[in-house]
Amino acid sequence: MSNLYSYFTQVTFLLFIIVNHLVEIYLTRRQLETYKNHALTPPPEFSTFITDSEHQKAIQYSSAKLRMGQFHLIYDAALIFYWFPMRGAEKLYHALSLDGMHREVFFLIIFSLIQFAFSLPWSIFSTFHLEEKFGFNKSTPKLFIIDRLKGLLLGGCIGIPLLYAILFLFQSLGDWWWLASFTLVTIFQFFIVWIYPTVIAPLFNKFHPLEGEELKHGIENLVKNAGFNAKEVFVMDASRRSSHGNAYFTGFGKNKRVVFFDTLLKQLQTPEILAILAHELGHMKLKHIPKSMAASLILSFIGFWLMGKLTHQEWFFNGHFIRNVSPGILLLLFTQALPLYTFWFSPIGTWISRKREFEADAYAARETNPQHLIQGLLKLYQQNASPVVTDKIYSGFYNSHPPALERIKKLESFKS
Ligand SMILES: [Zn+2]
């Protein structure tokens, strides 16, 4: 019976690898087709805001990114195929001559380093060819290398102690390891989200308070209504790496911040800055971060519970082409294979995220002027060379923000 289960799981796993990647390529092709059909002029609703040449640049830039993405998808499929059906992960594990927990941790470190090395050509190509070609790249090879080294070091400092702790729980707690690991990982995640704005983000960028006499008054009114502190509005030196613009809200408790990229600020007038700030404050006021954290808590509980149930099921790891299971291989399997199964739920995540964007927009429209937010958003599109057209199905899988037209129409409806 166990053999039948594992055979069935093998077929399912292979199907997921193949079908998921084919679907992703299909979605990419749909998006490329939409871009092709709107290659020359923006939709009439945008023709007074976006020039034909801006629109054409956005279409060319985004199409180039998608074409690269297609190759990346094939590359990813080949990698996962190598690690599991071709038993690459198991071969790597058996090639190591360490014992006990060190072997498990070392195996996971080597695996991560190999994955990192495989991803490197893509990020080099993307930064120094694609972004460069369209005039976005501001990074230098030196800064690029420093960023990668910092990332690796940070990953090691956070990841290695966590791995030791999880593996310790795995070996000492028997059937209940999953609950203890879930608790540990959750506390750890909260801690990381909490220290991110003040400790982790400043490792990569400089932050200084948003200033300006004209802004000051507007900001003070806005933050007072949102129960926020004007000292928590920051500007980040994003221009060190690229000329893309953005703004975001991060953290919780005393460590929350609204951050503007310096690149975006340069493009905006004061009322537009205030409208975008109001949108970010809307996310805070409507408790979007705690809500997301609560949702991910529930999902991660289910994930760990499932891991606990499947740990001792031979059909499960045989079904994923693993002959001799070890804690390290099991952790690898869960982290690498799980996204294949959860991919199909991504439209739900996208839908929730869009609902929250609309809510934050509505908040900003009440607190400021919807027309200013529309102008700010259009500048954001223009600055990032994001096309204002999109394929509905593609965007339903990948875009956390609503399509431009839907968003702007909704904001228009708030004008009175
Ligand atoms: Zn938002």
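Residues numbered from 1 in each chain as written. Predicted model: local features only at pLDDT ≥ 70, side-chain atom pairs only at ≥ 80, totals over all residues.

Undergrad: Outline the overall build of the protein, supporting the account with residue identities and numerical values.
TA: When its secondary structure is counted, the protein shows 16 helices and 4 strands. The globule rule puts the C-alpha radius of gyration for 416 residues at 22 Å, and the 24 Å found for the protein is close to it. Principal axes of the C-alpha set define a box for the protein whose edges measure 65 × 50 × 45 Å. Looking at the protein as a whole, 26% of its 416 residues qualify as buried. The contacts of the protein with a sequence gap of at least 6 include a subset with a gap of at least 24, amounting to 77%. (Helix = DSSP H or I, 4+ residues; strand = E, 2+ residues; numbered from the N terminus. Rg over C-alpha atoms; globule rule 2.2 N^0.38 Å. Buried ≥ 20, exposed ≤ 12 C-beta atoms within 10 Å, placed from the backbone. Contact = placed C-beta atoms within 7 Å.)

Undergrad: Can you tell me about unusual backbone geometry, naming the residues and giving the values?
TA: The phi angle at Arg-87 is positive, at roughly 60°, despite the residue not being glycine. Relative to the elements of secondary structure, Arg-87 occurs in the loop between helix 2 (52–83) and helix 3 (88–95). Within the chain, Lys-287 stands out as a residue other than glycine whose phi angle is a positive 60°. Tracing the sequence through the fold places Lys-287 in the loop between helix 9 (270–285) and helix 10 (288–310). Overall, the presence of 12 C-beta atoms within 10 Å leaves Lys-287 in the exposed class.

Undergrad: Please set out the pairing of strand 2 (residues 233–236) residue by residue, giving values where relevant.
TA: Along a regular strand, successive side chains alternate from one face of the sheet to the other. With 3 bridges joining them, strand 1 (residues 207–209) and strand 2 adopt antiparallel strand pairing. Across the sheet, the residue bridging to Pro-209 is Phe-234, located in strand 2. As paired elements, strand 2 and strand 4 (residues 257–261) share 4 bridges and run parallel to each other. Along strand 4, the bridge assignment pairs Val-235 with Phe-260. (Pairing = 2+ DSSP bridges.)

Undergrad: Could you give an account of the sheet that holds strand 4, with specific residues and numbers?
TA: Strand order in this open sheet of 4 strands is 1-2-4-3, and the pairing throughout is mixed. Two strands bound the open sheet, and with one partner strand each, they are strand 1 and strand 3 (247–250). Within the sheet, the average angular offset between the axes of one strand and its neighbour, ignoring direction, is 30°. Lying on the sheet, helix 9 is in contact with strand 2, strand 3 and strand 4; it crosses strand 3 at an angle near 25°. (Axes fitted to C-alpha atoms, helices over the stretch in contact; angles between N-to-C directions.)

Undergrad: Pulling in residues and values, what's your account of the nonpolar core?
TA: One finds Leu-222, Leu-277, Ala-278, Leu-281 and Leu-373 to be the most contacted residues of the largest nonpolar core, which totals 41 residues. By residue number, the principal contributor to this core is helix 9, which donates 8 residues. Setting aside residues up to four positions removed in sequence, Leu-277 forms contacts with Ile-219, Leu-222, Val-233 and Val-258. By size, the runner-up hydrophobic cluster in this structure holds 25 residues, among which are Phe-107, Leu-108, Phe-304 and Phe-321. (Core = buried A, V, L, I, M, F, W, Y, C linked by C-beta atoms within 7 Å.)

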